[in-house]
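# Summary of the model geometry
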Amino acid sequence: MTSAPATFRDDATEQRYRTDGYAVVPFLDPDEVRELEAAYWDEVAGADDGLLAIDYLRPDRAIMQRVRELASPLWERHLPALFCDHRVVFSTFVVKHPGHGSEMFLHEDRSWVDERRFRSGTLWIPLVDDMTDENGPLRVIPGSHRLASNWSGSLTPDLIRPYEAWLRERLVPLAAPAGSAVYYDSRTLHASPPNLSERPRVALVLGVVPRDAQLLHVVATGTTRRALYAVDPDYFIRTGPRESEARQPDGELIEEVDEVGPLSPALLAAVLGEDPPPPAPVVPADAAAAPDGGWRPLVPEQVGVDPGPATLRIEPGGRLRVPAAGDRDGFGELIDVVEAAPVGTGIAAGPLAVNLLPGERYRTPSGPLVIWNDGPGALVLAGPAAV
């Protein structure tokens with residue numbers, strides 16, 4: 001991030017942002033806050049909204065266009081004084097209705113630009129006071145933007161999940177009065193608890209990028225392969241995230257890159273100042289039910305092995321349930337991992353589970369196994385024998 005162009009005009013704000021990955025600044029006046037909140041309820045709110053309503057996720061993209069029309073006079077008025085030549089990619093309301101199902105999970109935002117040259121971010125503007133934990137305010141992990149080493153986009157693996165419980169302990173609540181703005185780097189980890197007040201919590205959220213940066217849609221096309229598509233300025237207004245994952249981007253393929261492995265404990269310790277616990281296995285609920293007490297890691301036996309002659313290939317979305325050892329029809333006790341996406345692939349057996357990495361060998365337990373692949377790319381295993 002040190003070589004990226006400046007984001008804020010104010011030097012002190014820029015320094016806070018580069019160090020912490022976020023900054024809180026004044027933005028809207030009280031009249032603008034009242035008008036914008038009223039416009040949401042009059043023109044945007046849906047009768048079938050759930051406890052957490054996000055316009056960016058709606059299949060009706062005409063709503064995104066209407067939100068842009070409502071918000072554009074405000075950003076044209078205020079952004080030039082705050083940012084160094086940035087533009088807005090999209091605007092969305094994010095509304096938490098009262099209830100325990102209104103929390104937001106821990107995540108980073110996607111890569112909107114080429115982060116080797118630029119940085120992008122999110123401008124989060126509460127339209128009601130977010131000063132206490134009562135209405136589920138935004139929380140961030142300071143400095144976590146420096147953990148980003150891989151691209152984030154459609155179908156890319158969620159590398160933070162093995163450390164999620166430890167990371168959540170490092171979330172810091174932000175005091176943001178109505179009309180202020182929190183600007184956080186796209187890679188700053190953030191979440192929020194449920195709104196337990198009696199009033200909906202309404203916020204306007206803007207995706208912001210440097211004006212000179214090409215807008216990108218990043219797609220995982222294999223276990224380590226990422227395709228970078230140049231898309232036009234309206235792409236993320238007319239195309240929702242679920243639709244963008246389901247079809248080929250309508251942009252120009254400008255580059256394909258390969259990525260390295262999962263998030264390392266050394267990087268987590270260097271950035272956040274404390275050694276993390278061993279990564280916890282991440283097992284999808286439809287693959288195997290978590291045992292009482294949670295999953296224990298299945299430890300690899302050997303690293304750098306040569307694959308055996310027999311192979312097993314599982315495509316993304318696949319689940320393979322293997323019976324107990326005596327009924328496996330030759331399924332070997334040793335499994336070598338030839339190809340696997342981090343976090344998205346794994347083996348579960350009884351109370352043991354592991355997310356797979358290429359070059360590792362496992363001696364599988366004698367009981368029934370579940371092997372899964374949520375991608376991206378194929379899972380390829382080898383050993384003395386294969387199903």
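Here's what I pulled together on the structure shown here. (Residues numbered from 1 in each chain as written. Predicted model: local features only at pLDDT ≥ 70, side-chain atom pairs only at ≥ 80, totals over all residues. Heavy atoms only, no water.)

### Details of the pairing of strand 10 (residues 201–210)
Counting buried positions along strand 10 gives ten out of ten residues, so the element sits mostly inside the fold. Covered by surrounding structure in strand 10 are Arg201, Ala203, Val205, Gly207 and Val209 together with Val202, Leu204, Leu206, Val208 and Pro210, the residues of both alternating faces. In this sheet, strand 10 lies alongside strand 3 (residues 86–96) in antiparallel orientation, the contact comprising ten bridges. Within strand 10, the residue paired with Ser91 across the bridge is Leu206. (Buried < 20%, exposed > 50% of the residue type's maximum accessible area, 1.4 Å probe, protein only. Helix = DSSP H or I, 4+ residues; strand = E, 2+ residues; numbered from the N terminus. Pairing = 2+ DSSP bridges.)

### Some words on the environment of Ala288
The residue Ala288 is located in the loop between helix 7 (265–272) and strand 14 (296–297) in this model. Residue classification places Ala288 among the buried positions, given a relative accessible area of 17%. Between the C-alpha atom of Ala288 and that of Val370, which follows or precedes it by 82 residues, the distance is 7.0 Å. Among residues more than four places away in sequence, those in contact with Ala288 are Val283, Trp295 and Ala348. (Contact = heavy atoms within 4.5 Å.)

### What to know about the pattern of salt bridges
Think of it this way: side chains of opposite charge can pair up when their charged atoms draw near. Applying the stated criterion across every chain, the model contains 26 salt bridges. For Arg58, the salt bridge goes to Asp55, with nearest N and O atoms at 2.8 Å. Asp55 carries the same exposure label as Arg58, and that label is buried. Close ionic contact of Arg319 with Asp286 constitutes a salt bridge, the shortest N to O distance being 2.8 Å. Of the two residues, Arg319 sits in strand 17 (residues 318–322) while Asp286 sits in the loop between helix 7 and strand 14, which places them 33 residues apart along the sequence. (Salt bridge = Lys/Arg side-chain N within 4 Å of Asp/Glu carboxyl O.)

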